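# Summary of structural features
So you can see what is in the structure, the chains are spelled out below.
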Amino acid sequence: MSVADTKTISFARGAPSLDIVDVEGLKSAAVRAFDADPGGVTGYGTSVGYVPLREWIAKKHGVHVDQVMVTNGSMQADAFLFDQLVKADTPVIVERPTYDRTLLGLQTRRGDLHPVTLADDGLDVAELRALLESGVRPALAHIIPNFQNPAGVTLSMPKRQELLALAEEYGFLIFEDDPYHDVRFRGETLPRLLDMDGGKGNVVYASSFSKTICPGVRVGYLVGPSSLIAQICKAATNTYIAPNMVAQAIVHQFATSGALDQSVKTVRFALNERADALAAALRKHLPEAKFTVPDGGYFLWVELGEDVDVDELLHAAAARHLAVVKGTDFLIEGGEGSLRLAYSAVKTEDIDEGVKRLAEAVHAVR
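In this report, the structure presented in the accompanying data block is examined. As the structure is a computational prediction, the values presented were derived from the model and not from experiment. By convention here, each chain's residues receive numbers from 1 onward along its written sequence. Confidence filtering applies because this is a predicted model: local features only for residues at pLDDT of at least 70, side-chain atom pairs given and counted only at 80 or more, and all residues used for totals across whole chains, interfaces and linings. For side-chain calculations, the full set of non-hydrogen atoms in the structure is used, while hydrogens and water are omitted.

Turning our eyes to something else, we now look at the pairing of strand E7 (residues 173-177). Strand residues, when the strand is regular, have side chains that alternate between the two faces of the sheet. Only protein chains enter the calculation, and the probe is 1.4 Å; a residue is then buried if its accessible area is under 20% of its type maximum, exposed if over 50%, and partly exposed in between. Note on conventions: DSSP H or I runs of at least 4 residues are helices, E runs of at least 2 residues are strands, and numbering of each starts at the N terminus. Within E7, five of the five residues are buried, leaving the element largely enclosed by the surrounding structure. Burial along E7 is two-sided: Leu173, Phe175 and Asp177 facing one way and Ile174 and Glu176 facing the other are all buried. Following DSSP output, two strands are said to pair if at least two bridges run between them. Note: strand E6 (residues 140-143) against E7, four bridges, orientation parallel. Residue pairing in the sheet places His142 in a bridge with Phe175 of E7. The handedness of a crossover follows from its direction of travel: if, with the strands pointing away from the viewer, the path from the first strand over the helix to the second runs clockwise, the crossover is right-handed. Read as a crossover between parallel neighbours, the route from E6 over helix H7 (residues 157-170) to E7 is right-handed. Note that E7 and strand E8 (residues 203-208) share four bridges and pair parallel. Across the sheet, residue Ile174 finds its bridge partner in E8, namely Val203.

Structure representation (structure tokens):
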């Protein structure tokens, strides 16, 4: 096979490959949605989202329906929340590293960002406490507690308790950004910060169906204090009247039929297999690399060392028909020797070849 014919292998995008998306289930759910509620599916609806799905989410989380808003993906939920709480120079806690789109959204709003280091068991709460004791008073702390994007680590139970105590003591809001909760493939499921808060109002929760059904549905949601949700819904009304009723009705039918539970099982199995294959390939081809194997989610963070310039590495990888994302995208500063590898969209049989190409690119620029 010529170089021109070589298949590109991409560790760049956190999305499921088509083979683990239940296309037939979605088609059936779409038919049921139009048959069951043609008026609700085809009308404008309201800014709170498709009401039956909103009620299903409220029941799932054990909250009042007024505490739920369904959005066009969780990133739009993020944007609405940031618009309410973050103005120029508003102090905000972010994880280091964190999701690049989160950084972009907060920087666009000119928030005063305070990155706090991630350890293998999540946010360094001692570092956060020291920051708070120094006088920083954040409006919110953005936390991805499960299989963090990009680091793949999970916030431990003791740290969850400490973080909630700090929020209570210093009066800041925890924004629990949690699209990966249901795609744990090993280990013990930890309670959501939202549930641990016990209705005190110190946590706003966001999640999405992108990782459990497929990204194309663009359906996410917020759960929070009813007064805050009402403010955001008013802003949403002024922005777009209502989100996508068709997609949300399809998700509702998919969830209530049991297809979502089966989809989650399929995704978990594939992610487990792919994460293990990626770890094995890294040990084989890049034994000097440092990484933590995640217990769920879509991502693995790799430290390649200070002698690797990831800007050069991206070009060397592309020349070998390999796509990766450089670590510097996920930090305000630093990450020059790091990569985020998304294994969700790479079939198991392609992972070893992809890491072999990565190793060749690393050796070429080192």
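Only rings of Phe, Tyr and Trp enter the pairing, Trp through its six-membered ring, and a pair is recorded when the two centres are within 6.5 Å. The plane angle decides the type: under 30 degrees is stacked, over 60 is edge-to-face, the rest tilted. Enumeration over the complete set of coordinates arrives at nine aromatic pairs. Ring centres of Tyr180 and Phe299 lie 5.9 Å apart, and the angle between their planes is 90 degrees; this geometry places the pair in the edge-to-face category. Residue Tyr180 is found in the loop between E7 and helix H8 (193-196), and its partner Phe299 is found in strand E11 (residues 299-303); the two are separated by 119 residues along the sequence. For the pair Tyr180 and Phe299, one class covers both residues: buried. Centre to centre, the rings of Tyr205 and Tyr221 are 6.5 Å apart; their planes meet at 35 degrees, and the pair counts as tilted. Here Tyr205 is found in strand E8, whereas its partner Tyr221 is found in strand E9 (residues 220-223), with 16 residues between them in sequence.

This part is about the sheet that holds strand E5 (residues 122-123). Reading across the sheet, the eight strands line up as E2-E9-E8-E7-E6-E3-E4-E5 and stay open at both edges, with mixed pairing between neighbours. The strands lining the two open edges of the sheet, one partner per strand, are strand E2 (68-71) and E5. One ladder, built from six bridges, connects strand E3 (residues 91-96) with strand E4 (residues 112-119); its direction is parallel. Within the sheet, the bridge partner assigned to Val94 lies in E4 and is Pro115. Any two residues whose heavy atoms approach within 4.5 Å are treated as being in contact. Where helices are involved, their axes are fitted lines through C-alpha atoms of the stretch in contact, as for all axes, and angles between N-to-C directions lie from 0 to 180°. Contacting E2, E7, E8 and E9, helix H9 (residues 226-240) crosses the sheet at an angle of about 30 degrees to E2.

Let's shift gears to the sheet that holds strand E14 (residues 338-342). Within a beta sheet, neighbouring strands are joined by backbone hydrogen bonds and run either parallel or antiparallel to one another. Spatially, four strands are ordered E10-E11-E14-E13 in an open sheet, and the strand pairing comes out antiparallel. Every interior strand has two partners, whereas the edge strands, strand E10 (290-291) and strand E13 (325-326), have only one.

Before going further, it helps to spend a moment on the nonpolar core. Remark: nonpolar core denotes a set of buried residues (Ala, Val, Leu, Ile, Met, Phe, Trp, Tyr, Cys) joined through side-chain atoms within 4.5 Å. One finds Leu123, Leu128, Leu163, Phe172, Ile174, Phe209 and Ile213 to be the most contacted residues of the largest nonpolar core, which totals 56 residues. In terms of residues, this core owes the most to one element, helix H10 (residues 245-256), which gives seven residues. Residue contacts for Phe172: discarding those within four places in its chain leaves Leu128, Leu132, Pro138, Ala139, Ala141, Leu163, Leu166, Ala167 and Asn202.

By the secondary structure assignment, Ser74 is in helix H4 (residues 74-85). Apart from the residues within four sequence positions on either side, Ser74 is in contact with Ser207, Ser208 and Gly220.

Turning next to the pairing of E8. In terms of burial, E8 is a largely internal element, six of the six residues being buried. Burial along E8 is two-sided: the face carrying Val203, Tyr205 and Ser207 and the face carrying Val204, Ala206 and Ser208 are both buried. Pairing of E8 with E9 involves four bridges; the strand directions are antiparallel. Among the inter-strand pairings, Ala206 is bridged to a residue of E9, identified as Leu222.

The next point concerns helix H12 (residues 310-319). When H12 is considered as a whole, its buried residues turn out to be Val310, Leu313, Ala316 and Ala317. Buried residues in H12, looked at end-on, bunch into an arc of 110 degrees, giving them a common side. Facing away from the buried side of H12 by over 90 degrees, the exposed positions are His315 and Ala319. Turning to H12, the residues buried within the fold contact strand E12 (322-323), E13, E14 and helix H13 (348-365). Note that the arc is computed from the directions linking the helix axis to the C-beta atoms.

The next subject is the environment of His64. Within the secondary structure, His64 is located in the loop between helix H3 (51-61) and E2. Residues His64 and Gln161, spaced 97 residues apart in sequence, show a C-alpha to C-alpha distance of 24 Å. Contacts described as polar in this section are N or O atom pairs within 3.5 Å, which, within protein, must combine one atom able to donate a hydrogen with one able to accept it, while residues neighboring in sequence count only if both atoms come from side chains. Polar contacts involving the side chain of His64 include one to the main-chain amide nitrogen of Asp66, which spans 3.0 Å.

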